[in-house]
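# Examining the three-dimensional arrangement
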Amino acid sequence: MTDISQRKADHINLALDAKHQADQSAGFEQIRFIHNALPELCMDDVDSSTLFLNHHCSAPLIIGAMTGGCEHGETINRHLAEAAEHCTIPMAVGSQRAELESGLASKVRKWAPNALLLGNIGATQLQQQGVELAQRAIDSIEANAMVVHLNPLQELVQPNGDRDWRGVLNAIEQCCARVDVPVIVKEVGAGISIATAQRLMDAGVTWIDVAGRGGTNWASIESARINQSREQQIASAFLDWGMPTVELIAGLRAQSGRLGIIASGGVRHGLDIARSVRLGADMTAMAQPFLQPALESSEAVIEKITIFSEQLRWAMFLTGSKNLEQLQSAPLLNA
Ligand SMILES: Cc1cc2nc3c(=O)[nH]c(=O)nc-3n(C[C@H](O)[C@H](O)[C@H](O)COP(=O)(O)O)c2cc1C
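These notes cover the structure that comes with them.

Parameters at a glance
- Residues numbered from 1 in each chain as written.
- Predicted model: local features only at pLDDT ≥ 70, side-chain atom pairs only at ≥ 80, totals over all residues.
- Heavy atoms only, no water.
- Salt bridge = Lys/Arg side-chain N within 4 Å of Asp/Glu carboxyl O.
- Helix = DSSP H or I, 4+ residues; strand = E, 2+ residues; numbered from the N terminus.
- Buried < 20%, exposed > 50% of the residue type's maximum accessible area, 1.4 Å probe, protein only.
- Arc of directions from axis to C-beta.
- Core = buried A, V, L, I, M, F, W, Y, C linked by side-chain atoms within 4.5 Å.
- Contact = heavy atoms within 4.5 Å.
- Pairing = 2+ DSSP bridges.
- Axes fitted to C-alpha atoms, helices over the stretch in contact; angles between N-to-C directions.
- Parallel < 35°, antiparallel > 145°, perpendicular 65-115°, else oblique.
- Left-handed = near helix turned anticlockwise from the far one by under 90°.
- Nonpolar A, V, L, I, M, F, W, Y, C, P; charged D, E, K, R; others polar.
- Polar contact = N/O pair within 3.5 Å; in protein donor to acceptor, adjacent residues only side chain to side chain.
- Phe/Tyr/Trp six-rings, centres within 6.5 Å; stacked < 30°, edge-to-face > 60°.
- Near = heavy atom within 4 Å.
- Areas by Shrake-Rupley, 256 points an atom, 1.4 Å probe, with all protein chains shown as cover.

Summed over all chains, the structure comprises 10 salt bridges. For Arg-97, the salt bridge goes to Glu-101, with nearest N and O atoms at 3.3 Å. Linking Arg-97 with Glu-101, this pair stays in helix α3 (residues 97-102), spanning four residues, or about one helical turn. Residue classification places Glu-101 among the partly exposed positions, given a relative accessible area of 48%.

Now the structure itself:
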(Lines give C-alpha, C1' and ligand atoms only; values in the text may rest on other atoms or scores of the structure.)
Protein backbone atom coordinates (compact mmCIF):
# COMPACT_ATOMS: atom_id res chain seq x y z
CA MET A 1 0.00 0.00 0.00
CA THR A 2 1.35 3.47 -0.87
CA ASP A 3 1.60 6.20 1.78
CA ILE A 4 -1.39 8.01 0.28
CA SER A 5 -3.62 4.93 0.18
CA GLN A 6 -2.62 3.98 3.76
CA ARG A 7 -3.52 7.52 4.86
CA LYS A 8 -6.90 7.34 3.12
CA ALA A 9 -7.65 3.95 4.71
CA ASP A 10 -6.77 5.40 8.15
CA HIS A 11 -9.03 8.38 7.46
CA ILE A 12 -12.00 6.11 6.74
CA ASN A 13 -11.48 4.00 9.87
CA LEU A 14 -10.98 7.02 12.13
CA ALA A 15 -13.86 9.02 10.62
CA LEU A 16 -16.24 6.17 11.49
CA ASP A 17 -15.36 6.58 15.18
CA ALA A 18 -17.67 9.03 16.98
CA LYS A 19 -14.78 10.29 19.09
CA HIS A 20 -13.48 12.18 16.04
CA GLN A 21 -16.66 14.21 15.71
CA ALA A 22 -16.34 17.77 17.04
CA ASP A 23 -17.03 18.22 20.75
CA GLN A 24 -18.48 21.65 20.04
CA SER A 25 -21.76 21.80 18.19
CA ALA A 26 -22.30 23.28 14.74
CA GLY A 27 -25.03 25.41 16.37
CA PHE A 28 -28.06 23.84 14.70
CA GLU A 29 -29.86 23.14 17.99
CA GLN A 30 -30.18 26.91 18.53
CA ILE A 31 -32.30 27.28 15.40
CA ARG A 32 -35.89 26.42 16.32
CA PHE A 33 -38.82 26.82 13.97
CA ILE A 34 -42.17 28.06 15.24
CA HIS A 35 -44.49 25.07 15.08
CA ASN A 36 -47.44 25.51 12.75
CA ALA A 37 -50.34 23.46 14.13
CA LEU A 38 -52.46 24.48 11.14
CA PRO A 39 -50.25 23.74 8.15
CA GLU A 40 -53.22 23.68 5.69
CA LEU A 41 -51.15 21.46 3.39
CA CYS A 42 -51.33 17.91 2.15
CA MET A 43 -48.05 16.13 2.90
CA ASP A 44 -48.09 14.72 -0.66
CA ASP A 45 -47.81 18.26 -2.02
CA VAL A 46 -44.69 19.18 0.00
CA ASP A 47 -41.95 19.55 -2.59
CA SER A 48 -38.31 19.53 -1.45
CA SER A 49 -36.83 19.64 -4.96
CA THR A 50 -34.49 22.37 -6.12
CA LEU A 51 -32.29 23.47 -9.01
CA PHE A 52 -28.54 23.34 -8.42
CA LEU A 53 -26.23 24.38 -11.25
CA ASN A 54 -29.24 24.13 -13.58
CA HIS A 55 -29.85 20.50 -12.60
CA HIS A 56 -32.99 19.20 -10.93
CA CYS A 57 -32.25 17.71 -7.48
CA SER A 58 -34.85 15.89 -5.40
CA ALA A 59 -33.59 17.66 -2.24
CA PRO A 60 -31.00 20.37 -1.43
CA LEU A 61 -28.55 17.68 -0.32
CA ILE A 62 -25.15 16.73 -1.73
CA ILE A 63 -23.27 13.57 -0.81
CA GLY A 64 -20.18 15.26 0.65
CA ALA A 65 -16.64 14.67 -0.63
CA MET A 66 -15.05 11.54 0.77
CA THR A 67 -11.82 10.27 -0.50
CA GLY A 68 -11.18 7.28 -2.73
CA GLY A 69 -7.74 5.97 -3.60
CA CYS A 70 -7.54 3.10 -1.09
CA GLU A 71 -8.72 -0.45 -0.50
CA HIS A 72 -12.38 0.37 0.22
CA GLY A 73 -12.37 3.47 -1.96
CA GLU A 74 -13.88 1.81 -5.00
CA THR A 75 -16.68 0.13 -3.02
CA ILE A 76 -17.51 3.35 -1.20
CA ASN A 77 -17.56 5.42 -4.36
CA ARG A 78 -19.66 2.89 -6.23
CA HIS A 79 -22.33 2.77 -3.50
CA LEU A 80 -22.41 6.55 -3.18
CA ALA A 81 -22.56 7.09 -6.94
CA GLU A 82 -25.34 4.54 -7.51
CA ALA A 83 -27.35 6.08 -4.68
CA ALA A 84 -26.83 9.61 -6.04
CA GLU A 85 -28.04 8.43 -9.45
CA HIS A 86 -31.07 6.64 -7.97
CA CYS A 87 -32.13 9.51 -5.69
CA THR A 88 -31.35 12.39 -8.12
CA ILE A 89 -29.03 14.15 -5.73
CA PRO A 90 -25.49 15.39 -6.48
CA MET A 91 -22.37 13.58 -5.37
CA ALA A 92 -19.09 15.28 -4.58
CA VAL A 93 -16.18 12.90 -5.07
CA GLY A 94 -13.22 12.92 -2.69
CA SER A 95 -9.79 14.21 -3.64
CA GLN A 96 -8.89 12.96 -7.12
CA ARG A 97 -5.19 13.45 -6.54
CA ALA A 98 -4.24 9.79 -5.93
CA GLU A 99 -6.26 8.59 -8.89
CA LEU A 100 -4.81 11.20 -11.24
CA GLU A 101 -1.27 10.46 -10.06
CA SER A 102 -1.71 6.71 -10.52
CA GLY A 103 -3.19 7.18 -13.98
CA LEU A 104 -6.16 4.93 -13.12
CA ALA A 105 -9.41 5.80 -14.90
CA SER A 106 -12.28 6.77 -12.61
CA LYS A 107 -15.44 4.71 -12.85
CA VAL A 108 -17.70 7.16 -11.00
CA ARG A 109 -19.32 8.55 -14.14
CA LYS A 110 -20.07 5.01 -15.30
CA TRP A 111 -21.88 4.29 -12.02
CA ALA A 112 -23.77 7.60 -12.10
CA PRO A 113 -24.28 8.44 -15.80
CA ASN A 114 -26.84 11.20 -15.22
CA ALA A 115 -25.96 12.45 -11.74
CA LEU A 116 -24.54 15.85 -11.02
CA LEU A 117 -20.91 15.07 -10.11
CA LEU A 118 -18.53 17.47 -8.40
CA GLY A 119 -14.77 16.93 -8.85
CA ASN A 120 -12.29 17.57 -6.02
CA ILE A 121 -8.68 18.63 -5.64
CA GLY A 122 -6.72 20.24 -2.84
CA ALA A 123 -5.89 23.93 -3.10
CA THR A 124 -2.18 23.27 -2.61
CA GLN A 125 -2.18 20.70 -5.42
CA LEU A 126 -3.78 23.35 -7.61
CA GLN A 127 -1.12 25.88 -6.53
CA GLN A 128 1.68 23.38 -7.29
CA GLN A 129 0.40 21.83 -10.50
CA GLY A 130 -1.80 24.54 -11.99
CA VAL A 131 -5.12 24.65 -13.81
CA GLU A 132 -4.20 21.72 -16.01
CA LEU A 133 -4.63 19.44 -12.97
CA ALA A 134 -8.13 20.78 -12.38
CA GLN A 135 -9.05 20.23 -16.03
CA ARG A 136 -7.78 16.62 -15.88
CA ALA A 137 -9.85 16.05 -12.73
CA ILE A 138 -12.94 17.46 -14.47
CA ASP A 139 -12.40 15.40 -17.63
CA SER A 140 -11.81 12.15 -15.76
CA ILE A 141 -15.34 12.12 -14.28
CA GLU A 142 -17.06 14.55 -16.69
CA ALA A 143 -17.61 16.73 -13.64
CA ASN A 144 -20.41 19.29 -13.65
CA ALA A 145 -18.44 21.51 -11.24
CA MET A 146 -15.01 21.51 -9.67
CA VAL A 147 -14.48 21.69 -5.90
CA VAL A 148 -11.22 23.02 -4.51
CA HIS A 149 -10.69 22.22 -0.83
CA LEU A 150 -8.88 24.45 1.65
CA ASN A 151 -7.48 22.51 4.62
CA PRO A 152 -4.58 24.43 6.19
CA LEU A 153 -5.18 23.05 9.70
CA GLN A 154 -5.36 19.47 8.45
CA GLU A 155 -2.11 19.95 6.49
CA LEU A 156 -0.36 21.33 9.58
CA VAL A 157 -1.31 18.32 11.69
CA GLN A 158 -0.57 15.80 8.94
CA PRO A 159 3.04 14.58 8.86
CA ASN A 160 4.63 15.99 5.68
CA GLY A 161 1.49 18.07 5.03
CA ASP A 162 1.70 21.09 2.72
CA ARG A 163 2.91 24.12 4.66
CA ASP A 164 3.50 26.56 1.84
CA TRP A 165 0.18 28.23 1.12
CA ARG A 166 1.56 31.21 -0.84
CA GLY A 167 -0.14 31.72 -4.19
CA VAL A 168 -3.20 29.59 -3.41
CA LEU A 169 -5.70 32.42 -3.98
CA ASN A 170 -4.07 33.27 -7.29
CA ALA A 171 -4.25 29.59 -8.35
CA ILE A 172 -7.97 29.57 -7.52
CA GLU A 173 -8.47 32.78 -9.53
CA GLN A 174 -6.73 31.20 -12.54
CA CYS A 175 -8.86 28.10 -12.15
CA CYS A 176 -12.10 30.12 -12.12
CA ALA A 177 -11.02 31.99 -15.23
CA ARG A 178 -9.91 28.98 -17.24
CA VAL A 179 -11.91 25.84 -16.50
CA ASP A 180 -15.22 25.35 -18.26
CA VAL A 181 -17.35 24.43 -15.21
CA PRO A 182 -18.23 26.41 -12.05
CA VAL A 183 -15.63 26.34 -9.25
CA ILE A 184 -16.79 25.69 -5.69
CA VAL A 185 -14.42 26.30 -2.78
CA LYS A 186 -14.82 24.40 0.48
CA GLU A 187 -13.09 23.82 3.80
CA VAL A 188 -13.06 20.44 5.52
CA GLY A 189 -14.43 21.36 8.97
CA ALA A 190 -12.80 24.59 10.18
CA GLY A 191 -15.04 26.85 8.08
CA ILE A 192 -14.72 29.67 5.55
CA SER A 193 -15.04 33.06 7.23
CA ILE A 194 -16.83 36.02 5.73
CA ALA A 195 -13.52 37.80 5.06
CA THR A 196 -12.08 34.72 3.33
CA ALA A 197 -15.29 34.28 1.36
CA GLN A 198 -15.04 37.87 0.15
CA ARG A 199 -11.49 37.26 -1.12
CA LEU A 200 -12.71 34.16 -2.92
CA MET A 201 -15.65 36.02 -4.46
CA ASP A 202 -13.26 38.75 -5.64
CA ALA A 203 -11.22 35.98 -7.29
CA GLY A 204 -14.29 34.81 -9.24
CA VAL A 205 -15.67 32.06 -7.00
CA THR A 206 -19.48 31.94 -7.15
CA TRP A 207 -20.14 28.99 -4.81
CA ILE A 208 -18.78 28.41 -1.31
CA ASP A 209 -19.26 25.34 0.86
CA VAL A 210 -18.70 26.64 4.39
CA ALA A 211 -17.66 23.22 5.86
CA GLY A 212 -17.65 24.65 9.35
CA ARG A 213 -16.87 23.25 12.78
CA GLY A 214 -19.35 20.88 14.39
CA GLY A 215 -18.98 17.65 12.41
CA THR A 216 -15.97 15.59 11.41
CA ASN A 217 -12.90 16.88 13.22
CA TRP A 218 -9.82 16.60 11.00
CA ALA A 219 -7.37 17.90 13.60
CA SER A 220 -8.49 15.04 15.82
CA ILE A 221 -8.30 12.45 13.02
CA GLU A 222 -4.83 13.53 11.83
CA SER A 223 -3.64 13.78 15.41
CA ALA A 224 -4.64 10.16 16.03
CA ARG A 225 -2.43 9.13 13.10
CA ILE A 226 0.78 10.68 14.38
CA ASN A 227 3.02 9.05 16.93
CA GLN A 228 5.43 11.88 17.65
CA SER A 229 4.48 13.11 21.08
CA ARG A 230 5.73 16.65 20.40
CA GLU A 231 3.61 17.02 17.24
CA GLN A 232 0.59 15.66 19.09
CA GLN A 233 1.11 18.13 21.93
CA ILE A 234 1.24 21.03 19.46
CA ALA A 235 -1.94 19.85 17.71
CA SER A 236 -3.80 19.29 20.99
CA ALA A 237 -4.43 23.03 21.40
CA PHE A 238 -6.26 23.12 18.05
CA LEU A 239 -8.79 20.35 18.49
CA ASP A 240 -11.67 22.81 18.71
CA TRP A 241 -10.29 25.30 16.17
CA GLY A 242 -12.67 26.70 13.58
CA MET A 243 -15.96 28.49 13.18
CA PRO A 244 -19.36 26.89 13.76
CA THR A 245 -21.34 26.11 10.63
CA VAL A 246 -24.54 27.90 11.64
CA GLU A 247 -22.82 31.25 12.23
CA LEU A 248 -21.11 30.99 8.86
CA ILE A 249 -24.27 30.29 6.86
CA ALA A 250 -26.14 33.27 8.32
CA GLY A 251 -23.08 35.55 8.12
CA LEU A 252 -22.33 34.71 4.50
CA ARG A 253 -25.93 35.18 3.43
CA ALA A 254 -26.00 38.58 5.14
CA GLN A 255 -22.79 39.44 3.27
CA SER A 256 -24.00 38.45 -0.20
CA GLY A 257 -27.41 37.77 -1.67
CA ARG A 258 -25.89 36.38 -4.88
CA LEU A 259 -23.29 33.93 -3.57
CA GLY A 260 -24.23 30.26 -3.86
CA ILE A 261 -23.94 28.81 -0.35
CA ILE A 262 -23.56 25.16 0.55
CA ALA A 263 -23.97 24.42 4.27
CA SER A 264 -21.85 21.60 5.65
CA GLY A 265 -19.90 20.54 8.69
CA GLY A 266 -22.10 18.77 11.23
CA VAL A 267 -25.32 18.66 9.17
CA ARG A 268 -26.69 15.44 10.62
CA HIS A 269 -30.31 15.02 9.53
CA GLY A 270 -33.11 16.50 7.47
CA LEU A 271 -34.09 19.00 10.16
CA ASP A 272 -30.55 20.42 9.94
CA ILE A 273 -31.06 20.68 6.16
CA ALA A 274 -34.28 22.64 6.79
CA ARG A 275 -32.50 24.90 9.29
CA SER A 276 -29.67 25.52 6.81
CA VAL A 277 -32.11 26.50 4.06
CA ARG A 278 -33.92 28.82 6.48
CA LEU A 279 -30.60 30.50 7.32
CA GLY A 280 -29.87 31.15 3.66
CA ALA A 281 -28.10 28.07 2.28
CA ASP A 282 -28.96 26.99 -1.27
CA MET A 283 -27.70 23.45 -0.73
CA THR A 284 -26.30 21.31 2.09
CA ALA A 285 -23.71 18.54 2.13
CA MET A 286 -23.12 15.61 4.47
CA ALA A 287 -20.03 13.43 4.39
CA GLN A 288 -19.52 11.31 7.54
CA PRO A 289 -23.20 10.26 7.89
CA PHE A 290 -22.90 8.44 4.53
CA LEU A 291 -19.65 6.64 5.32
CA GLN A 292 -20.97 3.57 7.19
CA PRO A 293 -23.84 3.00 4.74
CA ALA A 294 -21.39 3.40 1.83
CA LEU A 295 -19.30 0.54 3.19
CA GLU A 296 -22.45 -1.63 3.21
CA SER A 297 -24.40 -1.14 -0.04
CA SER A 298 -26.01 1.38 -2.38
CA GLU A 299 -29.37 0.41 -0.85
CA ALA A 300 -28.07 1.43 2.59
CA VAL A 301 -27.04 4.84 1.20
CA ILE A 302 -30.42 5.22 -0.55
CA GLU A 303 -32.15 4.43 2.75
CA LYS A 304 -30.18 7.20 4.52
CA ILE A 305 -30.97 9.72 1.78
CA THR A 306 -34.66 8.75 1.96
CA ILE A 307 -34.71 9.27 5.74
CA PHE A 308 -32.96 12.67 5.49
CA SER A 309 -35.32 13.79 2.69
CA GLU A 310 -38.38 12.72 4.68
CA GLN A 311 -37.12 14.61 7.75
CA LEU A 312 -36.71 17.71 5.60
CA ARG A 313 -40.25 17.30 4.25
CA TRP A 314 -41.63 16.85 7.78
CA ALA A 315 -39.96 20.13 8.84
CA MET A 316 -41.49 21.78 5.78
CA PHE A 317 -44.95 20.40 6.60
CA LEU A 318 -44.72 21.43 10.26
CA THR A 319 -43.83 24.99 9.28
CA GLY A 320 -46.54 25.15 6.61
CA SER A 321 -43.95 25.37 3.83
CA LYS A 322 -45.05 23.84 0.55
CA ASN A 323 -41.68 24.38 -1.14
CA LEU A 324 -38.15 25.50 -0.28
CA GLU A 325 -38.91 29.11 -1.14
CA GLN A 326 -41.58 29.18 1.57
CA LEU A 327 -39.25 27.40 4.01
CA GLN A 328 -36.72 30.25 3.56
CA SER A 329 -39.12 32.58 5.37
CA ALA A 330 -40.64 30.15 7.89
CA PRO A 331 -40.80 31.91 11.27
CA LEU A 332 -38.17 31.10 13.90
CA LEU A 333 -38.40 31.23 17.67
CA ASN A 334 -36.37 34.15 19.12
CA ALA A 335 -35.54 35.49 15.65
C1 LIG B 1 -13.65 9.74 5.27
C2 LIG B 1 -13.67 11.17 4.81
C3 LIG B 1 -12.86 11.56 3.76
C4 LIG B 1 -12.86 12.88 3.31
N5 LIG B 1 -12.10 13.23 2.21
C6 LIG B 1 -12.22 14.48 1.68
C7 LIG B 1 -11.58 14.82 0.45
O8 LIG B 1 -10.88 14.00 -0.15
N9 LIG B 1 -11.73 16.08 -0.03
C10 LIG B 1 -12.51 17.02 0.63
O11 LIG B 1 -12.67 18.14 0.14
N12 LIG B 1 -13.12 16.72 1.78
C13 LIG B 1 -13.00 15.48 2.33
N14 LIG B 1 -13.65 15.17 3.49
C15 LIG B 1 -14.31 16.27 4.24
C16 LIG B 1 -15.81 16.33 4.00
O17 LIG B 1 -16.11 16.56 2.64
C18 LIG B 1 -16.47 17.41 4.87
O19 LIG B 1 -16.04 18.69 4.47
C20 LIG B 1 -16.21 17.26 6.35
O21 LIG B 1 -16.10 15.89 6.70
C22 LIG B 1 -17.30 17.90 7.18
O23 LIG B 1 -18.55 17.33 6.89
P24 LIG B 1 -19.26 16.23 7.84
O25 LIG B 1 -19.29 16.83 9.22
O26 LIG B 1 -20.61 16.00 7.25
O27 LIG B 1 -18.42 14.98 7.79
C28 LIG B 1 -13.68 13.85 3.94
C29 LIG B 1 -14.50 13.44 5.00
C30 LIG B 1 -14.53 12.13 5.43
C31 LIG B 1 -15.44 11.75 6.56
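Let us now look at helix α6 (residues 131-141). Burial in α6 covers these residues: Val-131, Leu-133, Ala-134, Ala-137, Ile-138 and Ile-141. Viewed end-on, α6 has its buried residues packed into an arc of 160 degrees, placing them on one side of the element. Just beyond α6, the residue with positive phi is Glu-142, at close to 45 degrees.

Core analysis: the largest hydrophobic core is formed by 85 residues, its most contacted members being Ile-63, Leu-80, Met-91, Ile-172, Val-185, Phe-290 and Leu-327. A total of seven residues in this core trace back to one element, the largest contributor, which is helix α15 (residues 298-318). With residues up to four places along the chain from it excluded, the contact list for Leu-80 reads Ile-63, Met-66, Met-91, Phe-290, Ala-294 and Val-301. Judged by nonpolar contacts, the second largest core, of 14 residues, contains Leu-53, Leu-116, Ile-184 and Trp-207.

What follows is about the pairing of strand β6 (residues 145-149). Burial of β6 is extensive: five of the five residues sit out of reach of the surface. Alternating residues of β6 divide into Ala-145, Val-147 and His-149 and Met-146 and Val-148, and every residue in both groups is buried. Inspection of the sheet shows strand β5 (residues 117-122) paired to β6 by five bridges, in the parallel sense. In the sheet register, Ile-121 faces β6, and the bridge partner there is Val-148. Relative to strand β7 (residues 183-186), β6 runs parallel, the two being bridged by four bridges. Each residue of the ladder has a partner; that of Met-146, found in β7, is Val-183.

Further remarks concern the packing of helix α2 (residues 73-87) against α15. The relative placement of two packed helices comes down to the angle between their axes together with the axis-to-axis distance. Viewed as axis vectors pointing N to C, α2 and α15 meet at an angle of 50 degrees, and their least axial separation amounts to 8 Å. If you check the angle between α2 and α15, you find them oblique. Like other packed secondary-structure pairs, α2 and α15 cross with a definite hand, here right-handed. Residues His-79, Leu-80, Glu-82, Ala-83, His-86 and Cys-87 of α2 form the contact with α15, whose participating residues are Ser-298, Val-301, Ile-302 and Ile-305. Looking at the contact of α2 with α15, its residues break down into six nonpolar, three polar and one charged.

Each full turn of the α-helix corresponds to 3.6 residues, which orients residues three or four apart in the same direction. Taken residue by residue, helix α10 (residues 218-225) has Ala-219, Ser-220, Ile-221, Glu-222 and Ser-223 as its buried positions. Buried-residue contacts for α10 involve α1 (3-15), α7 (152-157) and α11 (229-236). The distance from a side-chain oxygen at the start of α10 to the backbone nitrogen of Ala-219 is 3.1 Å, and the residue carrying that oxygen is Asn-217.

It is worth spelling out the environment of Phe-317 at this point. Secondary-structure assignment places Phe-317 in helix α15. The class of Phe-317 is partly exposed, set by a relative accessible area of 23%. For the pair Phe-317 and Leu-38, spaced 279 residues apart in sequence, the C-alpha separation works out to 9.7 Å. With near-sequence residues (within four places) excluded, Phe-317 lies in contact with Pro-39, Leu-41, Cys-42, Met-43 and Val-46.

This brings us to the sheet that holds strand β8 (residues 207-209). Here eight strands make up a closed barrel; going around it, the order is β3-β4-β5-β6-β7-β8-β9-β10 and the pairing parallel. Neighbouring strand axes in the sheet, compared pairwise and without regard to direction, differ in orientation by 25 degrees on average. Relative to β5, strand β4 (residues 91-93) runs parallel, the two being bridged by two bridges. Paired with Ala-92 across the bridge in β5 is Leu-118. Set on the sheet, α6 makes contact with β4, β5 and β6; between it and β5 the angle comes to about 150 degrees.

What follows deals with the packing of aromatic side chains. Per the stated rule, a full pass over the model turns up three aromatic pairs. Here the aromatic rings of Phe-52 and Trp-207 are separated by 4.9 Å at their centres, their planes lie at 75 degrees, and the arrangement is edge-to-face. Highlighted residues: Phe-52 in strand β1 (residues 50-52) and Trp-207 in strand β8, separated in sequence by 155 residues. Across this residue pair, the class does not change: Phe-52 and Trp-207 are buried.

Taken together, 22 residues surround the ligand, and among them Ala-65, Ser-95, Lys-186, Thr-216 and Arg-268 come closest. Here an oxygen atom of the ligand and a backbone polar atom of Ala-287 are 3.0 Å apart. If the ligand stood free it would expose 610 Å²; the protein chains cover 96% of that surface. Looking at the shell around the ligand residue by residue, the class counts come to nine nonpolar, 10 polar and three charged.

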